[in-house]
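An overview of the molecular structure
So the chains spell out like this:
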Amino acid sequence: MNPEASMPAAANVLPEALRAPALTVGKVTPGSLDDQVLRFPALAPPRKWYIALACTSLLAALGMALIGYTFYMGIGVWGNNSPVFWGFGIINFVFWVGIGHAGTLISAILFIFRKRWRNAIARFAEAMTIFAVMCAGIFPLIHVGRPWVSFWLFPYPNQRGLWVNFRSPLVWDVFAVSTYFSVSLMFWYLGLLPDLASLRDRTDSRIRKPIYTLLSLGWRGSAGHWQHFEKAYLLLAGLATGLVLSVHSVVSFDFATSIVPGWHMTIFPPYFVVGAIFAGFAMVLMVLIVVREAMDLKNLITDFHLEVMCKVILGMSCLMGYAYAVEAFTAWYSMNPVLHHTFLNYVTGTYGWAGWLTMACNVLLPQLLWFRKCRRSYPWMILVAVAVTIGMWFERFVIIVVSLHQDYLPSAWHVFKPTLVDYGILLGSFGIFFSLVLLFARVLPVIATTELKADLPGSQPAHGGSHE
Amino acid sequence: MSETFAVLGLFDDADALMAAVPKVRAARLGRLEAYTPYPVHGLDQALGLRRSPLGGMVMIMGVLGALTALLFQYWTSAVDYPLVTGGKAATSWQAFVPIMFEVMVLFATFTAGLGMLLLLNRLPFFGHPVLGSKAIRGITRDRFVLSVEAEGSFDPAAAQAALEAAGALEIEHLPAPAHGPLFTADAIQRSLLGIAGACLVSGLMMYGAVKLFPVLPPMSHMEDQPRLDPQKPSAFFKDGRGMQMPVAGTVARGCLPPDISSPEDAARLANPLPLDAAVLARGRTEYRIHCAQCHGALGDGVPTLTAAYGAKPANLLTPAIRAYPDGTIYGTIVLGKNAMPSYAADLPEDARWAVVHYVRALQRAQNAKAEDLP
């Protein structure tokens, strides 16, 4: 069917600038989409992929070895000690959970708002969510010190007759993060199901065919199935929308419900959620740039997609600036000398450089994205995305370390010095994350082909018109 | 060819499929089903499918999840293990809201996802004939299939004619599967045997692993310190002892051996301590620790241990003992008497004399006269 013919006549009258931009470049049909996106599992990966995987898995192995060393020696090999009991373990946890927010935001909230550009990037972003939450989950478990009894975090009947303290935000956190992971996994897998069926029916390989057959659960694309599937997807999107806003709010309660100066603030939940979306989008942007170049997907993940992502990052950056300003204002307006001291510490104390780095990376540098030229150029986009990733890590560093190292009791003040093991485990988590991303890119469809097919011009029956 | 399961008609795009559905449906040849690569809007109405009941299911399970979380938290925190946190009442429910929300989402999500898969779509199911058709490669790619499934007295030729008349590009006759749609008894038996075998093998491996590798206590460094525990040997000293003996003739402070060898020697000694409240308090403490078990808290020889202890301890309140000089009581503490062992090792010099003062006080208190009143 000719795509132009199916377009409503009114669309042709609109001037070019007002028309919705094309979400694909060139001619894309359902068949060509499959051939382009689903060919990767059957292809031998290029040399570059092996080199990249070797590097990342080396880092992952280093991280694993150091985690093993931590288990063997005890938590004392880390830098955290009184009064900074929450060192890298919690910084990395908050950082990775934050990275994990972009995927669900893109797949759920933008789905509800019918932002059709999400289709091309949703699958990859969701996968990154899963991997980021997996990385995040490592840290509380190793931070509790005795990970083999970490099941004590869950309420279960036990011979000690004890229950967890449901009034503790740390318990809320256990529930929030594990729910988030389960829901993200469910959302991702269900969306993947029809694509897995496509993969199953494309291959005759003796290894891949049974695997994809099993994973696709016998999906056969029947109309009745699609009806329930669409309903389920919509419901999941609605549920995940509430969830994505709740998870980082609950993470922020870990801080906000305590009385540590600099943590006890009502702006924390929205401030954390915005930061999470900010960091997540930066990471997704960074990885998408590499993926669309390396896998030759420029016609599906277009310049327009990257530009929209940049705009989201810019908006979030402005919100971050606002949150920092509100924090500072709250500190000043509180007339609480301890709070004044903590906030001056953010920019002038031992770790003053970290505060300035945070603000430069999170508020100042992303302002470059006001310029169209920067939103269209890889070097600038990558610069901003890397800066945001660094800035958001240091933001958590500032919140946790600077607030804790000097609180109400001056005799307990102590400077926090991370050890090599701390740095190694942080690097290791990046290794784990990128190894999983690299593996995902080769064995599963990186683009939600089914969702994209359903939204291609002419893919839906003409009588109802398109549903933009 | 055996019986026909369905006749499939292949279409090129969604419009052709949508145009064909009402025509084939009107022919009433069998159950109609469509297979498409992506959800086609309006297809469910055209096929006359009922609305998905998933929304109601999710709603109910979501509410149930929230209620479960509320009741569970309330029961554990206010009833089964009431724990006061932050001075809040045990029944304060506000703190339960975050977990209520999370559990609600969890229940609702699993209902939406698994309810859709398992209950409504009856997946996973690998035995459907369409999965073995030639058309499936097109269905999951870019082709649209309308299928007339056998129902009652089914005429495959009529179905083929109807599909062709509706514009189907290709026709495929799908034979009914040789076995029932469910797993055959044979397959179930084999899979059960497989599961049992896997359990056996993994159990044996686990047993072997536990036997072969001793349990390694993780993070034992806090227990395992470079420190010498009491009474443990050490190669550091020549005699191999971790704790060294004191130099011969060493006397601990306050433990100078008394210069008495018989009660008669002791009788000559006088109590060197002043009779004041501090000394009496000390004497009472030491008496209660060392003496009261046998002589009784009042010194009347009626102690707590009588039943368990064969000998009959002395009643310290008798006139005979009241007539003893201080030194004799002191001598009894140091030398022991009858079944009573020496307490010289337990009581330092001044403690013994304090006990003597306290025994005197007990004797007086238990034989008090009216003129003792102030």
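Remember, predicted model here, so these are calculated numbers, not experimental data.

Within chain A, the regular secondary structure consists of 18 helices and zero strands. Relative to the globule expectation of 23 Å for 468 residues, the C-alpha radius of gyration of chain A, 24 Å, shows essentially globular dimensions. Principal axes of the C-alpha set define a box for chain A whose edges measure 75 × 55 × 45 Å. Put simply, chain A has 468 residues, and 48% of those count as buried.

On to the overall build of chain B. The number of helices and strands found in chain B is twelve helices and four strands. For 374 residues, the compact-globule estimate of 2.2 N^0.38 gives 21 Å, and chain B exceeds it by more than 25% at 48 Å. Here the C-alpha coordinates of chain B stretch approximately 135 × 60 × 35 Å along the principal axes. Counting the 374 residues in chain B, one finds 31% classified as buried. If you take every contact in chain B between residues at least 6 apart in sequence, the share linking residues at least 24 apart comes to 73%.

This paragraph deals with the packing of helix H7 (residues 118-143) of chain A against helix H8 (residues 169-202) of chain A. Residues and elements named next belong to chain A. Interaxial distance between H7 and H8 falls to 10 Å at its minimum, and their mutual angle equals 150°. Considering their axes alone, H7 and H8 lie roughly antiparallel with respect to each other. As H7 runs across H8, the sense of the crossing is left-handed. Residues Arg 123, Glu 126, Ala 127, Thr 129, Ile 130, Val 133, Ala 136 and Gly 137 of H7 form the contact with H8, whose participating residues are Val 177, Tyr 180, Phe 181, Ser 184, Leu 185, Phe 187, Trp 188 and Gly 191. Here the residues of the contact of H7 with H8 sort into ten nonpolar, four polar and two charged.

A common way to state how big an interface is: give the accessible area lost once the parts meet. Contact with chain B, which involves 64 residues of that partner, is made by 59 residues of chain A. Among the elements of the structure, helix H1 (14-27), strand E2 (31-35), helix H2 (43-47), helix H3 (54-80), helix H4 (97-120) and helix H5 (136-139) of chain B are those that each provide at least two residues to the side of chain B that touches chain A. The element contributing the most residues to the side of chain B that touches chain A is H4 of chain B, with 13 residues.

So, on to helix H4 (residues 47-73) of chain A. Residues and elements named next belong to chain A. The terminal C-alpha atoms of H4, which comprises 27 residues, lie 39 Å apart, in line with the 39 Å expected from a rise of 1.5 Å per residue. Buried positions along H4 lie against H7 and helix H17 (420-443). Directly beyond the C-terminal end of H4, a positive phi value near 105° is found at Gly 74.

Let us look at the nonpolar core. Ranked by size, the top nonpolar core spans 198 residues in total, and within it Phe 278, Phe 281, Val 284 and Ile 313 of chain A together with Leu 17 of chain B carry the most contacts. Ignoring any residue separated from it by four or fewer positions in sequence, one finds Ile 313 of chain A in contact with Phe 278, Phe 281, Ala 282, Leu 285, Pro 366, Leu 369, Val 384 and Val 388 of chain A. Ranked by size, the runner-up nonpolar core spans 20 residues in total, among them Leu 316, Val 334, Trp 353 and Tyr 358 of chain B.

Turning our eyes to something else, we now look at the sheet that holds strand E4 (residues 170-175) of chain B. Residues and elements named next belong to chain B. Ordered in space as E2-E3-E1-E4, the four strands form an open sheet in which the pairing is antiparallel. Two strands lie at the open edges of the sheet, namely E2 and E4, each paired on one side alone. With strand direction ignored, the average angle separating the axes of adjacent strands in the sheet is 20°. As paired strands, strand E1 (residues 4-11) and strand E3 (residues 144-149) are joined by six bridges and run antiparallel to one another. Residue Gly 9 lies in a different strand from E3, and its bridge partner there is Leu 146. In the packing of H1 onto the sheet, contacts are made with E1, E2 and E3, and the angle to E3 comes to roughly 15°. In the packing of helix H6 (residues 156-165) onto the sheet, the strands contacted are E1, E3 and E4, and the crossing angle to E1 comes to about 10°.

Right, let's get into the environment of Val 250 of chain A. Positionally, Val 250 of chain A belongs in helix H10 (residues 223-256). Along the chain, Val 250 of chain A and Glu 126 of chain A lie 124 residues apart, while their C-alpha atoms are 21 Å from each other. The contacts of Val 250 of chain A, once residues within four sequence positions are left out, are Pro 169, Trp 172, Asp 173 and Ala 176 of chain A together with Pro 98 of chain B.

Counting buried positions over the six residues of E3 of chain B gives six, a clear majority of the element. Burial along E3 of chain B is two-sided: the face carrying Phe 144, Leu 146 and Val 148 of chain B and the face carrying Val 145, Ser 147 and Glu 149 of chain B are both buried.

Here the focus is the confidence of the model for chain A. Residue and element names in this part refer to chain A. Residues of chain A with pLDDT of at least 70 account for 95%, and the chain-wide mean is 90. Mean pLDDT across the elements of chain A ranges from a minimum in helix H1 (residues 3-6), with 45, to a maximum in H17, with 96. Contacts from residues 1-10, a stretch scored under 50 in pLDDT, to residues over four places away or in other chains number twelve contacts. Between residues 464-468, whose pLDDT stays under 50, and residues either more than four places distant or in other chains, the model counts five contacts.

That bond from Ser 82 of chain A to Pro 83 of chain A is cis: its omega, 0°, falls within 30 degrees of zero. Mapping Pro 83 of chain A onto the fold places it in the loop between H4 and helix H5 (88-99). Along the chain, Leu 123 of chain B connects to Pro 124 of chain B via a cis peptide bond; the corresponding omega equals 0°. Examined against the element boundaries, Pro 124 of chain B turns out to sit in the loop between H4 and H5. Its identity as a non-glycine residue notwithstanding, Asp 296 of chain A has a phi of 60°, on the positive side. Here Asp 296 of chain A is to be found in the loop between helix H11 (268-294) and helix H12 (303-333). Using a count of 10 C-beta atoms within 10 Å as the deciding quantity, one classes Asp 296 of chain A as exposed.

Residue and element names in this part refer to chain A. Direction vectors running N to C along helix H6 (residues 101-112) and H7 enclose 140°, while the axes themselves pass 6 Å from each other. Our classification of the angle between H6 and H7 gives oblique. Every pair of crossing elements has a handedness; the one defined by H6 and H7 is left-handed. Here Ala 102, Gly 103, Thr 104, Ile 106, Ser 107, Leu 110 and Phe 111 of H6 lie close against H7, whose contacting residues are Arg 118, Ile 121, Ala 122, Ala 125, Glu 126, Met 128 and Thr 129. Here the contact of H6 with H7 is built from residues that sort into eight nonpolar, four polar and two charged.

Cut-offs applied
- Residues numbered from 1 in each chain as written.
- Chains lettered and ligands numbered in written order.
- Predicted model: local features only at pLDDT ≥ 70, side-chain atom pairs only at ≥ 80, totals over all residues.
- Helix = DSSP H or I, 4+ residues; strand = E, 2+ residues; numbered from the N terminus.
- Rg over C-alpha atoms; globule rule 2.2 N^0.38 Å.
- Buried ≥ 20, exposed ≤ 12 C-beta atoms within 10 Å, placed from the backbone.
- Contact = placed C-beta atoms within 7 Å.
- Axes fitted to C-alpha atoms, helices over the stretch in contact; angles between N-to-C directions.
- Parallel < 35°, antiparallel > 145°, perpendicular 65-115°, else oblique.
- Left-handed = near helix turned anticlockwise from the far one by under 90°.
- Nonpolar A, V, L, I, M, F, W, Y, C, P; charged D, E, K, R; others polar.
- Expected span 1.5 Å × (residues − 1).
- Core = buried A, V, L, I, M, F, W, Y, C linked by C-beta atoms within 7 Å.
- Pairing = 2+ DSSP bridges.
- pLDDT = per-residue confidence, 0-100.

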